[in-house]
Amino acid sequence: MTPGRPQAVLFDLDDTLIEYAPAAAREREAVTEAVRDHLPTGAVAGFLDRFDAYLFRHHAEVDTGRVPVAEFRDRRLRHAMRPWHSPDSALCRRVAACADATAASVGLAAGAAAVLAALRDDGVRVGIVTNGPLGIQTAKCTRLGLTDAVDTLVTSQDVGRTKPDGEVFHEALRRLGVRPGAAVVVGDSWENDVLGGLRAGLAGAVHIGPDRGAVPAPPGLLGRAERAGDEVLHLLEDLHA
Ligand SMILES: [Mg+2]
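What counts as what
Residues numbered from 1 in each chain as written. Predicted model: local features only at pLDDT ≥ 70, side-chain atom pairs only at ≥ 80, totals over all residues. Heavy atoms only, no water. Salt bridge = Lys/Arg side-chain N within 4 Å of Asp/Glu carboxyl O. Helix = DSSP H or I, 4+ residues; strand = E, 2+ residues; numbered from the N terminus. Buried < 20%, exposed > 50% of the residue type's maximum accessible area, 1.4 Å probe, protein only. Domains from an automatic or database assignment. Contact = heavy atoms within 4.5 Å. Polar contact = N/O pair within 3.5 Å; in protein donor to acceptor, adjacent residues only side chain to side chain. Axes fitted to C-alpha atoms, helices over the stretch in contact; angles between N-to-C directions. Parallel < 35°, antiparallel > 145°, perpendicular 65-115°, else oblique. Left-handed = near helix turned anticlockwise from the far one by under 90°. Nonpolar A, V, L, I, M, F, W, Y, C, P; charged D, E, K, R; others polar. Donors = N, O, S within 2.8 Å, 3.2 Å for Na, K, Ca; no water. Pairing = 2+ DSSP bridges.

Peer 1: Sorry, what's going on with the pattern of salt bridges here?
Peer 2: Pairing between side chains becomes possible if they bear opposite charge and their charged atoms approach one another. A full pass over the atoms with the stated rule returns 15 salt bridges. With a shortest N-O distance of 2.8 Å, D14 and K140 are connected by a salt bridge. Here the residue D14 occupies a position in the loop between strand 1 (8-11) and strand 2 (18-19), and K140 occupies one in helix 6 (residues 134-143), the gap between them amounting to 126 residues. Each of the two residues, D14 as well as K140, counts as buried. Here R174 makes a salt bridge to E171, at a shortest N to O gap of 3.2 Å. You can see R174 and its partner E171 sitting in helix 8 (residues 166-176), three residues apart, about one turn around the helix. Members of the salt-bridge network, linked through shared partners, are E167, E171, R174 and R175.

Peer 1: Help me out: how do you make sense of the domain arrangement of the chain in this one?
Peer 2: Much of the literature gives interface size as the accessible area that the parts lose upon coming together. When its domains are assigned, the chain resolves into domain 1 (8-19 + 108-236) and domain 2 (21-105). If you average the C-alpha positions of domain 1 and of domain 2, the two centres end up 28 Å apart. The partner domain 2 presents 13 residues to the 13 residues of domain 1 that form the contact. In this assembly, domain 1 and domain 2 are joined by zero salt bridges. Applying the counting rule to domain 1 against domain 2 returns five residue pairs in polar contact (both at pLDDT 80 or more).

Peer 1: Explanation requested: the environment of F169 in the structure shown.
Peer 2: Locating F169 in the fold gives a position in helix 8. Distance from F169 to L13, taken between C-alpha atoms, is 13 Å for residues 156 residues apart in sequence. In contact with F169, other than residues within four places in its own chain, are L10, V129, K163, P164, V185, N192, D193, G196, G197, A200 and L202.

Peer 1: Please explain the packing of helix 1 (residues 21-36) against helix 4 (residues 89-105) as it appears in this structure.
Peer 2: When two helices pack together, their arrangement is given by the angle between their axes and by how far apart the axes lie. Helix 4 packs onto helix 1 with a crossing angle of 165 degrees between their chain directions and a minimal axis gap of 9 Å. Judged by the angle between their axes, helix 1 and helix 4 are roughly antiparallel. Between helix 1 and helix 4 lies a crossing of right-handed hand. For the pair helix 1 and helix 4, the contacting residues are A23, A24, R26, E27, A30, V31, E33, A34 and V35 in the first and L91, R94, V95, C98, A99, T102 and S105 in the second. Here the contact of helix 1 with helix 4 is built from residues that sort into 10 nonpolar, two polar and four charged.

Peer 1: How should I be thinking about the coordination of the magnesium ion in this particular structure?
Peer 2: Angles between donor atoms at a metal ideally measure 109.5 degrees for a four-coordinate tetrahedral arrangement and either 90 or 180 degrees for a six-coordinate octahedral one. Protein coordination at the magnesium ion comes from D12 (OD), D14 (O) and D188 (OD), with a distance range of 2.0 to 2.2 Å. Mapped onto the sequence, the donors of the magnesium ion take the spacing D-x1-D-x173-D. Residue D14 is located in the loop between strand 1 and strand 2, and its partner D188 is located in the loop between strand 6 (183-187) and helix 9 (190-199); the two are separated by 174 residues in the primary sequence. Its relative accessible area of 17% is what places D14 among the buried residues.

Peer 1: For this particular structure, what's the right way to read the sheet that holds strand 1?
Peer 2: Hydrogen bonding along the main chain pairs the strands of a sheet, whether they run parallel or antiparallel. The strand order 5-4-1-6-7-8 describes an open sheet built from six strands, whose pairing is parallel. The open sheet has two edge strands with one neighbour each: strand 5 (152-155) and strand 8 (221-225). Looking at each pair of strands side by side, their axes are set apart by 20 degrees on average, direction ignored. Across four bridges, strand 1 lies against strand 6 in parallel orientation. When the sheet's bridge partners are listed, V9 is paired in strand 6 with V184. Along the sheet, helix 5 (residues 112-121) contacts strand 1 and strand 4 (125-130); its crossing angle with strand 1, the most-contacted strand, is approximately 160 degrees. Of the strands in this sheet, strand 1, strand 4, strand 5 and strand 6 are in contact with helix 8, which crosses strand 5 at around 155 degrees.

Next comes the structure, spelled out in structure tokens:
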């Protein structure tokens with residue numbers, strides 16, 4: 001291993017190794033189309049607000065497996081439509097299919113596979129730490145060849161907690177046999193990945209995504225990269241673990 005390189009790098013999945021946002025935008029349009037005829041004129045924005053708010057407040061229930069995926073989707077749709085309409089099972093199935101289409105259509109971020117391969121070639125252990133149901137996240141990784149490209153995949157459902165809880169990071173590092181102080185996290189969520197990873201005792205963090213402007217950088221932040229490509233490798237070289 002090159003001196004100064006971490007012994008392990010933990011990657012977030014959605015919008016880090018996988019380009020998720022474009023598929024999520026398509027899902028939003030498809031869901032809007034599916035419910036539009038069941039809502040009064042002008043109610044779509046209110047519906048989407050309720051649809052988003054339910055996920056924001058309750059995602060941990062499905063991400064940890066406490067509520068099955070199908071049940072969670074039904075509850076979310078019923079909640080979002082409650083002021084105007086009670087969805088029947090056909091509509092629930094149609095909206096659920098929109099989410100399935102997202103999982104089936106996401107692709108790898110440019111450069112992601114090369115970064116994983118370069119790290120492993122260099123003797124660095126790599127893992128994925130992701131908030132999401134085990135079945136959905138595993139299926140995405142398998143379809144995109146990520147399962148074989150990493151040394152471990154830890155979902156929030158495996159742990160029963162969601163990032164930024166440190167236990168998600170610690171479970172991955174236990175499996176890899178690497179202590180937190182010799183590991184780095186790479187992810188697009190400032191709260192879940194960057195701050196969560198650093199609070200869990202990891203030596204460093206790389207933030208994926210747009211510049212956050214004047215937000216103060218916490219100790220351990222190695223820098224920012226537009227995507228999980230070559231830039232990440234350069235930032236990791238700056239670490240002296
Ligand atoms: Mg993410």
